[in-house]
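# Survey of secondary and tertiary structure
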Amino acid sequence: MLWHLLTPEYPPDCGGVGDYTALLAGALSAAGDLVHVWHPRPAHHAASTSSSSSSRGLTVHQLPDRFRRGSRTLLDRAFVEAPGIILVQYVPSAYGLRGGNVPFCRWLLRTRRTGADVRVMFHEPFFYFGFNRPWRNALAITQRLMAALMIRASRTSYVSTESWLDHLVPFGPIDGASVLTIPATITVDPPASLVASWRERIRGDAETVIGHFGTYGDHVAAELQQVVPAIWRTLPRARVLLVGDGSREFADRIGASPGGASVAGTGRLSALDAAAALRACDVLVAPFPDGATTRRTSLMAALTTGRAVVTTDGRLTERVWRETGAAALAPSGNAASFAREVKRLADDAVVRTAQGTRGRRVYDERFDLAHSVSALRQSMDAVPVR
């Protein structure tokens with residue numbers, strides 16, 4: 001099988017969607033497929049033309065612009081020369097024209113009408129309407145038009161969380177859409193020696209270490225600013241370890257607890273070190289304002305560690321979290337309840353270990369990348385390599 005993966009970002013200059021695409025491309029290639037990845041040239045690259053690099057079964061192409069006319073012309077030619085499955089990693093705000101790239105969506109619909117096997121993975125559907133930034137409401141309308149076009153362009157639609165199905169229903173027929181959960185993008189099983197090194201580095205004389213992994217964007221940071229002080233009120237001497245890009249700056253904003261416990265940020269780490277640092281903690285916290293979902297790579301990373309995880313139950317939280325007990329749940333926006341869950345696990349090693357073991361088992365059984373790769377490759381009408 002031959003795949004064309006269209007993505008708005010790709011390593012090393014990327015975020016979660018780029019990391020996910022790299023994992024997916026590598027897994028499809030390892031399964032014996034030929035994979036072409038197409039992504040915009042990073043802004044700091046001076047070259048004005050496209051470029052590509054290849055390894056066994058995988059070719060990565062840099063496009064000359066962000067899916068505007070030059071890129072679309074190049075892709076048209078590539079689809080003719082090497083027909084295959086076109087899988088779009090869709091985040092509307094990342095495809096250029098300030099999040100309103102309607103011409104790209106129309107082009108994809110025309111591509112589908114030529115008989116191409118076009119599939120769209122909805123990582124996000126569109127902006128929400130709101131009062132805080134009213135100028136974005138016009139873009140929210142545009143992105144709903146884009147979503148309708150993308151659904152029409154898709155032979156098969158995928159979503160990163162079942163919550164998106166309700167969002168997309170008004171804009172087109174998505175009855176056959178499949179959920180492809182987002183796996184962890186850090187190392188799943190780091191060496192025990194590296195975990196021990198991190199444990200020695202961060203624990204000191206602390207009885208309990210509470211960890212968090214993320215990028216400390218506005219929404220999750222606002223939750224953490226409520227949750228961390230609440231944890232210190234129930235566990236006054238708990239040490240807090242913040243892992244990920246932006247963690248040092250956020251640690252400075254939080255400061256130390258009144259009881260003298262410290263908070264530290266690691267900064268951006270390699271996938272291997274991030275995994276080891278998280279495993280050196282006792283309890284991991286993952287508060288989200290809209291609730292836990294299967295699209296949260298930071299939450300998936302926490303589950304792989306085998307450590308107990310506390311997260312939030314909100315309006316987007318899927319049934320799988322309540323049915324499996326993969327993580328302890330607290331109501332979104334209730335920092336006191338969240339802190340009580342953390343204390344319950346911190347105070348009972350047996351319960352804590354059982355929670356962590358259950359989370360890892362659910363990850364392996366339901367969320368591992370292998371499940372998504374299998375679902376993608378089992379399509380009855382997959383296009384073979386010519």
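Read on for an overview of the structure. It should be emphasised that the depicted structure is a prediction, and the values quoted were computed from it without experimental measurement.

Cut-offs and rules
Along each chain, numbering runs from 1 in the same order as the chain's sequence is written. For this predicted model, a pLDDT threshold of at least 70 governs which residues receive local features, and a threshold of 80 or more governs which side-chain atom pairs are given and counted, while totals over whole chains, interfaces and linings are taken from all residues. Heavy atoms from the whole structure form the basis of all side-chain values; hydrogens and water molecules are not counted. Here a strand is any run of E in DSSP of at least two residues, a helix any run of H or I of at least four, and the numbering for each starts at the N terminus. As defined in this context, the radius of gyration uses C-alpha atoms, and a globule is described by 2.2 Å times the residue total to the power 0.38. Exposure classes here rest on a 1.4 Å probe applied to the protein chains alone. A residue is buried below 20% of its type maximum, exposed above 50%, and partly exposed in between. Only heavy atoms enter the contact rule, under which two residues are in contact if any of them lie within 4.5 Å. The accessible surface values rely on the Shrake-Rupley method and a 1.4 Å probe; as for residues, cover is taken only from the protein chains in view. Positive charges are assigned to Lys and Arg, negative charges to Asp and Glu, while His and the chain termini are left out of the count. Charge positions come from single atoms, namely NZ of Lys, CZ of Arg, CG of Asp or CD of Glu. Each reported salt bridge corresponds to a side-chain nitrogen of Lys or Arg within 4 Å of a carboxyl oxygen of Asp or Glu. Here, strands pair whenever DSSP counts at least two bridges between them. In this scheme Phe, Tyr and Trp rings, the latter by its six-membered ring, pair at centre separations within 6.5 Å, and the angle between planes marks the pair as stacked below 30 degrees, edge-to-face above 60, and tilted otherwise. Criterion for a charge above a ring: Lys NZ or Arg CZ within 6 Å of the ring centre, and within 35 degrees of the ring normal. Here, nonpolar core refers to any group of buried Ala, Val, Leu, Ile, Met, Phe, Trp, Tyr and Cys residues whose side-chain atoms link them within 4.5 Å.

Looking only at helices and strands, one finds 14 helices and 14 strands in the protein. Relative to the compact-globule value of 21 Å for 386 residues, the protein shows a C-alpha radius of gyration of 22 Å, a close match. Going through the 386 residues of the protein one by one, you find that 54% of them count as buried. If you take every contact in the protein between residues at least 6 apart in sequence, the share linking residues at least 24 apart comes to 70%. With the model as given, the accessible surface of the protein reaches about 17000 Å², and the carbon-plus-sulfur share is 51%. Treating the 44 positive side-chain charges of the protein as one cloud and the 34 negative ones as another, the clouds have centres 5 Å apart.

What follows deals with the environment of Ala346. Tracing the sequence through the fold places Ala346 in helix α12 (residues 335–347). With relative accessibility at 13%, the residue Ala346 sits in the buried group. The spacing of Ala346 and Glu162 is 184 residues in sequence and 32 Å in space, taken between C-alpha atoms. Excluding its chain neighbours within four sequence positions, the residues that come into contact with Ala346 are Thr208, Leu235, Val283 and Arg352.

Moving on to the pattern of salt bridges. In this structure the tally under the stated criterion is 14 salt bridges. Between Asp189 and Arg360 there is a salt bridge, with its nearest N and O atoms 3.0 Å apart. Of this pair, Asp189 sits in the loop between β8 (178–179) and α6 (192–203) while Arg360 is found in helix α13 (residues 349–367), placing the two residues 171 residues apart along the sequence. Take Arg360: its relative accessible area is 17%, and that puts it in the buried class. Notably, a salt bridge pairs Arg360 with Asp364, separated by 3.0 Å at the nearest N-O pair. Taken together, the residues span about one helical turn, with Arg360 and Asp364 both in helix α13 at a distance of 4 residues. Here the salt bridges do not stand alone but share partners, grouping Asp189, Arg279, Arg360 and Asp364 into one network.

Within a regular strand, the side chains alternate between the two sheet faces. Burial of strand β5 (residues 85–90) is extensive: 6 of the 6 residues sit out of reach of the surface. In β5, alternate side chains face the same way, and those of Ile85, Leu87 and Gln89 on one face and Ile86, Val88 and Tyr90 on the other are all buried. Of the strand pairs in this sheet, strand β1 (residues 2–6) and β5 are connected by 4 bridges, and their pairing is parallel. For Trp3, the partnering residue across the bridge sits in β5 and is Ile85.

Turning our attention to the environment of Phe338. Summarising the element assignment, Phe338 is placed in helix α12. Classification of Phe338 by relative accessible area gives buried; the value is 1%. Once the C-alpha coordinates of Phe338 and Ala328 are considered, the two residues, 10 residues apart in sequence, prove to be 9.1 Å apart. Look past the residues within four positions of Phe338 in its chain and what remains in contact with it is Val227, Val285, Ala286, Pro287, Val310, Thr311, Thr312 and Ala330.

Before going further, it helps to spend a moment on the packing of aromatic side chains. Within this structure, the stated rule accounts for 11 aromatic pairs. Note on Trp321 and Phe367: the rings are 5.4 Å apart at their centroids and 35 degrees apart in plane angle, and the pair reads as tilted. In this pair, Trp321 sits in helix α11 (residues 319–324) while Phe367 sits in helix α13, placing the two residues 46 residues apart along the sequence. For Trp321, a relative accessible area of 1% translates into the label buried. Each residue in the set Phe67, Phe79, Tyr90, Tyr95, Phe104, Trp107 and Phe122 is aromatic and connected to the rest through ring pairs, giving one cluster. The ring of Phe127 has Arg136 sitting right over it, with the charged end atom 3.6 Å from the ring centre. In this structure, Arg144 packs its charged tip against the face of Phe126, placed 4.0 Å from the ring centre.

Time to look at the nonpolar core. Ranked by size, the top nonpolar core spans 65 residues in total, and within it Ile210, Ile231, Trp232, Leu303, Trp321, Val342 and Phe367 carry the most contacts. For this core, the leading source of residues is helix α7 (residues 218–234), giving 8 residues. Among all residues touching Trp321, those that are not within four sequence positions of it are Ala292, Thr293, Thr294, Leu299, Met300, Leu303, Ala326, Leu329 and Phe367.

Any functional reading would require information that these geometric values do not contain.
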